[in-house]
Amino acid sequence: MAEFIPVPPFDLVVFGATGDLALRKLFPALLHRFLDGQIPASSRIIGVARADLDTDAFRKLVYESRGKFAPGACVDEAKCDEFLSHIAYVRLDATASAPEWAPLNAALAGGEGKVRIFYLSTAPSLFVPIAQRLAEAGLATPDSRIVLEKPIGRDLASSRAVNDGVGAVFEEHNTFRIDHYLGKETVQNLLVLRFANMLIEPIWSRATIDHVQITVAEDIGVEGRGDYYDKSGALRDMVQNHLLQLLCLVALESPNSMDADAIRTEKLKVLSALRRIGPQDVVAKTVRGQYREGLVNGHKTPAYAEEIGRASKTETFVAIKAEVDNWRWAGVPFYLRTGKRMGARRSEIVVQFKDTPVQIFGAGAGSPNRLVLRLQPDEGVRLWLNIKEPGPGGLRVKTAPLDLSFAEEFGGVRYPDAYERLLMDVVRGNLALFMRRDEVDAAWEWADELLAAWRDGGGEPHAYASGSNGPTQSALMLDRDGRAWWDPER
Ligand code: BG6
């Protein structure tokens, strides 16, 4: 049974409160947690933005967006109103000088003794100015916490500048760097699966695993975020953070406990062992793509260039053969793949085991074992085993899944959005699912080298039709290794 343990009372200030992330994810997440009784009555949520709104108009905005982003949440309208009564709005230009921040000081008055959180759901260029203003305005108390959304910088140097600037005001143990993939149910399940089952860990190494595939396929395009995305591309937007974090959780050694630093230290070791991809192997080990027009879920969709309104060389797809140079994983490739406007939304980790050393049932009988962790949609775990096909007519080997569909097993339980857990973890002060500064640095060091290699001779992104699995070069990359992406008909 899901259990809702109330968090301590808090004051949460959301900068960028009228933005897409806040309305689509943060307020719906808070609404759900409130309805489940996890948010104490004395907590306050203060939206901050430049828009000329008052508290009533802002509450209306949040109320209206809940229909779209938290459908079905407000069966009890009175409860919904109660949630809204915890919300206030402060109109503020975050770059304004400290005296102009007085309304925010006023809104936070009387909050002594409560957990104080500043959530920066703004352009990253505002992270440092906001942290500085919070210090100047006397709002950043020694215990207050700051939450930073990705992207933190666009390379190692800019990320360091952000972390230095924010770090001058907030200590590392009060800094919560969000990677929302870490808040997804199945991602946490990966740790449980690995470290709560005796069965898994002894076979989790180069001795038995042939390779690992991590796919995060999206069917959406850039959704009006063209300006940001075109300067970023799939490597910075998805690989440097989400995919590398998933790789870390597959590859890390057992942490001594679930203590935040125990986990983060193990992740850092994986990132440090990631082999750099330089100019000599960028063509063999990476593929970039950009979507052209096509058919996605039966609808005709435009090309990326058309969507953003100009020609571009930014990658909307990337496939990478990553390698982790340590004793456990040497020689086991981690194939990473992510792209926009692919055939379907699907995030999956596939652990492909080696073939049996001898085939006593004849060559080609059955296939190597495969553990598939489905992150979204249809969360679940499938272990593909070889069994005897029932019935007479000789001994036929068939590959079939042991299927743990979470929807069937835990039917009726609503899957909380990643932000629900992450926001409550910030209030609790649990840093386990947030990135430590040295992790972000290590991920950028690896990404920077790859970006430089692409710049110095990695060619241009290959075209792929929207609705496909990406450019054919991605399939060829695995084909050269005698392997193939796990793309079963669904
Ligand atoms: C974000 C990226 O971090 O993750 C987006 O900036 C991407 O481009 C999104 O669409 C994917 O998240 P999810 O939870 O929908 O898989």
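Since the structure is predicted, the reported quantities are computational estimates derived from the model, not experimental observations.

Calculation notes
Residues numbered from 1 in each chain as written. Predicted model: local features only at pLDDT ≥ 70, side-chain atom pairs only at ≥ 80, totals over all residues. Heavy atoms only, no water. Helix = DSSP H or I, 4+ residues; strand = E, 2+ residues; numbered from the N terminus. Expected span 1.5 Å × (residues − 1). Contact = heavy atoms within 4.5 Å. Polar contact = N/O pair within 3.5 Å; in protein donor to acceptor, adjacent residues only side chain to side chain. Pairing = 2+ DSSP bridges. Axes fitted to C-alpha atoms, helices over the stretch in contact; angles between N-to-C directions. Near = heavy atom within 4 Å. Areas by Shrake-Rupley, 256 points an atom, 1.4 Å probe, with all protein chains shown as cover. Nonpolar A, V, L, I, M, F, W, Y, C, P; charged D, E, K, R; others polar. Buried < 20%, exposed > 50% of the residue type's maximum accessible area, 1.4 Å probe, protein only. Patch = residues over 30% accessible without salt bridge, like charges linked within 9 Å, V, L, I, M, F, W, Y side chains within 5 Å. Salt bridge = Lys/Arg side-chain N within 4 Å of Asp/Glu carboxyl O. Core = buried A, V, L, I, M, F, W, Y, C linked by side-chain atoms within 4.5 Å. Parallel < 35°, antiparallel > 145°, perpendicular 65-115°, else oblique. Left-handed = near helix turned anticlockwise from the far one by under 90°. Phe/Tyr/Trp six-rings, centres within 6.5 Å; stacked < 30°, edge-to-face > 60°. Lys NZ or Arg CZ within 6 Å of the ring centre and 35° of its normal.

## Focus: helix α2 (residues 55–69)
The periodicity of an α-helix, 3.6 residues per turn, causes residues three or four positions apart to be oriented the same way.
Next, step 1: Counted at 1.5 Å a residue, the expected span for α2 with its 15 residues is 21 Å, and the 20 Å between its end C-alpha atoms agrees.
Next, step 2: The inward-facing, buried residues of α2 contact α1 (20–35), β2 (44–49), α3 (77–85) and β3 (87–91).

## Quick look at the side chain of Q213
Next, step 1: When you line up the elements, Q213 lands in strand β7 (residues 209–217).
Next, step 2: Of note is the side chain of Q213, whose polar atom sits 3.0 Å from the side chain of H211.
Next, step 3: Those residues in contact with Q213, other than ones at most four positions away along the chain, are Y335, E348, I349, V350, L478, A484, W485 and W486.

## Let's talk about the sheet that holds strand β4 (residues 115–120)
Next, step 1: Within the open sheet, the seven strands sit side by side as β3-β2-β1-β4-β5-β6-β16. Their pairing is mixed. Edge strands, defined here as strands with exactly one partner in the open sheet, are β3 and β16 (434–435).
Next, step 2: Sheet strands in contact with helix α13 (residues 418–428) are β1 (10–15), β4, β5 (145–148), β6 (175–178) and β16, and its direction is about 135 degrees off that of β4.

## Some points on the site of the ligand
Next, step 1: The immediate surroundings of the ligand are formed by 13 residues, with Y181, K184, E218, D237 and H242 found nearest.
Next, step 2: Between D237 and the ligand, the recorded distance is 2.6 Å, taken from a side-chain N or O atom to an oxygen atom.
Next, step 3: In this structure, H242 approaches the ligand through a side-chain N or O atom, which is 2.7 Å from an oxygen atom.
Next, step 4: Bound to the protein, the ligand loses 84% of the 400 Å² it would expose on its own.
Next, step 5: Sorting elements by how many residues they give to the shell around the ligand places helix α8 (residues 226–251) first, with three residues.
Next, step 6: Classifying every residue of the shell around the ligand gives three nonpolar, three polar and seven charged.

## Thoughts on helix α14 (residues 437–455)
Next, step 1: Here α14 spans 26 Å end to end across 19 residues, near enough to the 27 Å set by a 1.5 Å rise per residue.
Next, step 2: Considered for burial, the residues of α14 that qualify are E439, V440, D441, A442, A443, W444, W446, A447, L450, L451, A453 and W454.

## Remarks on a nonpolar patch on the surface
Next, step 1: A grouping of V358, I360, F361 and L395 is seen on the molecular surface, where their side chains present a nonpolar patch of about 470 Å² in accessible area.
Next, step 2: Relative to the assigned elements, L395 resides in the loop between β14 (380–388) and β15 (397–405).

## Some remarks on the pattern of salt bridges
Next, step 1: Taken as a whole and assessed by the stated rule, the structure comprises 44 salt bridges.
Next, step 2: For R275, the salt bridge identified is with D325, shortest N-O distance 2.9 Å. Separated by 50 residues along the polypeptide, R275 in the loop between α9 (260–273) and α10 (282–285) and D325 in the loop between β10 (317–322) and β11 (334–339) bring together distant segments of the chain.
Next, step 3: On the basis of relative accessibility, which here comes to 35%, the residue R275 falls in the partly exposed class.

## What to know about the nonpolar core
Next, step 1: Counting 120 residues, the largest nonpolar core has F27 and F334 as the members making the most contacts within it.
Next, step 2: By residue number, the principal contributor to this core is α8, which donates 13 residues.
Next, step 3: Residues within four places of F27 in sequence aside, it is in contact with V14, A17, A22, I45, F58, V62, F83 and I87.
Next, step 4: In terms of nonpolar packing, the next biggest core, distinct from the first, is built from 26 residues, V13, L104, L120 and A131 among them.

## Comments concerning the packing of α2 against α3
Next, step 1: The interhelical angle for the contact between α2 and α3, taken along N-to-C directions, is 135 degrees, at an axis separation of 10 Å. As far as their axial angle goes, α3 and α2 are oblique. When the axes of α2 and α3 are compared, the crossing they make is right-handed. On the side of α2, the interface is formed by R59, V62, Y63 and R66, while α3 contributes E77, C80, F83, L84 and S85.
Next, step 2: Residues of the contact of α2 with α3, tallied by class, amount to five nonpolar, one polar and three charged.

## Some remarks on the environment of G459
Next, step 1: Residue position: G459 is located in the loop between α14 and β17 (462–466).
Next, step 2: The class for G459 is partly exposed, based on a relative accessible area of 48%.
Next, step 3: Taking the C-alpha atoms as reference points, G459 and V287, 172 residues apart in sequence, are found 9.6 Å from one another.

## Concerning the packing of aromatic side chains
Next, step 1: In total, this model carries 14 aromatic pairs according to the counting rule given.
Next, step 2: Between Y229 and Y304, the aromatic rings sit 6.2 Å apart at their centres with planes inclined by 65 degrees, giving edge-to-face as the arrangement. With a gap of 75 residues between them, Y229 in helix α8 and Y304 in helix α11 (residues 304–308) connect regions that are remote in the sequence. For the residue pair Y229 and Y304, the accessibility class agrees, reading buried in each case.
Next, step 3: Ring pairing ties together the aromatic residues Y229, Y291, Y304, F317 and Y464, which thus form one cluster.
Next, step 4: Positioned above the aromatic ring of W485 is the side chain of R337, whose terminal nitrogen or guanidinium carbon lies 4.0 Å from the ring centre.

## Observations concerning the environment of D52
Next, step 1: Here D52 is to be found in the loop between β2 and α2.
Next, step 2: Given the relative accessible area of 63%, D52 is considered exposed.
Next, step 3: Considered as a pair, D52 and C248 are 196 residues apart in the sequence and their alpha carbons are 43 Å apart.
Next, step 4: There is a polar contact of 3.4 Å between the side chain of D52 and the side chain of R91.

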